[in-house]
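Observations on chain architecture
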Amino acid sequence: MTTGTGTDISLAVKLLRNGGLVSIPTETVYGLAANALNEEAVTKIFEVKDRPFFDPLIVHIALFEQVFKYVESMPSWAEKLFQSFSPGPLTIVLKKKKIIPDIVTAGLETVGIRIPSHPMTLELLHELDFPLAAPSANPFGYVSPTNASHVREQLDGKIEYILDGGDCAVGIESTIVADDRGAPTILRLGGVSMEEIQHVVGKVNINTSGPTPQSPGMLVSHYAPRKKFVIGFPDNSIRAAFLGFKNYSEFIPKNNQQILSSTGDLREAARNVFRAMRDLDGLDVDIIFAEFVPDTGLGRAINDRLKRAAAGHES
């Protein structure tokens, strides 16, 4: 099978209705989508990604009103966040109804719901009478894809179609917020900053790791390049690459370096981080050094991805 790539939403609709897999563009990263209510179709997602079945998936819908088809109830803080940041890079974890198969939620009684803001995927969702389960469209644990070519590089021949919506505007995954005894708790830092969330609902807790994931992106090692990836500054190392925030390293040739934002813009840095990691991973080097960005706003989410990428290479 050769994977098609294009902008044919009607073809994507047909494939998804028939239980197929389609890569979809979102404002965060490209997703690997299937009918969330079709257990056989969802199983294919895990098989294609080689994703462990204990790692739950996010369910994507078109409208806020559809949330109530799939969840039992919604606390007031969750409704405020939906109204403030959706469509957009926010996922909220709530107690699910039985209509959502257990395979989607890894057997948990909760499900993560989000409304993506990419116009092409919103149009697709409006054409469907079911929600889409859609983790990132890449082999499990690897760097997330932010354009259609990234998806093709890794999944060509394994899925039916890639809906090409251009480069992702945000570039890192959605922020995930769950209910913890009535209080909002961030499970994954992402495209909506902690400060933005606190501005709407007040103080929030953070719990971004655990032995059993309550949401995607909670595993200690994740988003990792194939090459050895470490946090730190290079010296006179040979066969090394560098991922910097604003400035190049004097110890490494510039063509072995990627800068996230020469102006120090964290939104630009977020858009570039996964692409930069991929580009460096393709170089003929043995090790990639990376530096943290300022740990504020979207910087927290960027640093979270860098930490998890490095965790897979710790000795």
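Small disclaimer: the values here were computed from a predicted structure and weren't measured. (Residues numbered from 1 in each chain as written. Predicted model: local features only at pLDDT ≥ 70, side-chain atom pairs only at ≥ 80, totals over all residues. Heavy atoms only, no water.)

What follows concerns the sheet that holds strand β12 (residues 228–231). The four strands lie next to each other as β12-β15-β13-β14, forming an open sheet whose pairing is parallel. The open sheet has two free edges, formed respectively by β12 and β14 (257–259), since each of these has just one partner strand. This sheet shows a mean twist of 15° between the axes of neighbouring strands, independent of strand direction. Sheet topology note: the strand β13 (residues 240–244)/strand β15 (residues 287–290) ladder contains four bridges and is parallel. (Pairing = 2+ DSSP bridges. Helix = DSSP H or I, 4+ residues; strand = E, 2+ residues; numbered from the N terminus. Axes fitted to C-alpha atoms, helices over the stretch in contact; angles between N-to-C directions.)

Let us now look at the pairing of strand β9 (residues 175–180). When strand β5 (residues 90–95) meets β9, the two strands line up parallel, connected through four bridges. Looking at the pairing, V93 lines up with A178 of β9. As judged from the five bridges shared by β9 and strand β10 (residues 183–188), these two strands associate in the antiparallel manner. Looking at β10, one finds that D180 is bridged to A183. A loop of two residues connects β9 with β10, the two strands running antiparallel in sequence, and R181 in this loop sits at a positive phi of about 55°.

A word on the nonpolar core. In terms of nonpolar packing, the biggest core is built from 77 residues, with V67, I113, I197, F229, L243 and M277 touching the most fellow members. Broken down by element, the residue count for this core peaks at eight residues, all from helix α9 (residues 266–281). Of all hydrophobic cores here, the second largest spans 18 residues; its members include V22, A62, L124 and L128. (Core = buried A, V, L, I, M, F, W, Y, C linked by side-chain atoms within 4.5 Å. Buried < 20%, exposed > 50% of the residue type's maximum accessible area, 1.4 Å probe, protein only.)

Quick look at the packing of aromatic side chains now. What describes a pair of aromatic rings is the distance from one ring centre to the other and the angle between the planes of the rings. On inspection of all chains with the given rule, the structure shows four aromatic pairs. Ring centres of F64 and F68 lie 5.6 Å apart, and the angle between their planes is 85°; on these two criteria the pair is classed as edge-to-face. Counting every residue linked through ring pairs, the aromatic cluster contains F64, F68 and F82. In this structure, R226 packs its charged tip against the face of Y142, placed 4.1 Å from the ring centre. (Phe/Tyr/Trp six-rings, centres within 6.5 Å; stacked < 30°, edge-to-face > 60°. Lys NZ or Arg CZ within 6 Å of the ring centre and 35° of its normal.)

With that out of the way, let us pick up the environment of I24. Here I24 shows up in strand β2 (residues 22–24). As a C-alpha pair, I24 and I115 span 91 residues in sequence and 13 Å in three-dimensional space. Setting aside residues up to four positions removed in sequence, I24 forms contacts with V29, Y30, G31, A33, T121, L124, L132, A134 and L163. (Contact = heavy atoms within 4.5 Å.)

All right, on to helix α2 (residues 39–49) then. The complete set of buried residues in α2 reads A41, V42, I45, F46, V48 and K49. Looking at the buried side of α2, the elements it contacts are β3 (31–35), α5 (102–105), β7 (132–133) and α7 (148–155). The residue sitting at the N-terminus of α2 and contributing the capping side-chain oxygen is N38; that oxygen lies 3.0 Å from the backbone nitrogen of E40. (Polar contact = N/O pair within 3.5 Å; in protein donor to acceptor, adjacent residues only side chain to side chain.)

Right, let's get into the pattern of salt bridges. For the coordinates displayed, the defined rule picks out 15 salt bridges. Between D180 and R181 there is a salt bridge, with its nearest N and O atoms 3.2 Å apart. Using a relative accessible area of 79% as the deciding quantity, one classes R181 as exposed. Two residues, R267 and E196, come together in a salt bridge whose shortest N-O distance is 3.5 Å. (Salt bridge = Lys/Arg side-chain N within 4 Å of Asp/Glu carboxyl O.)

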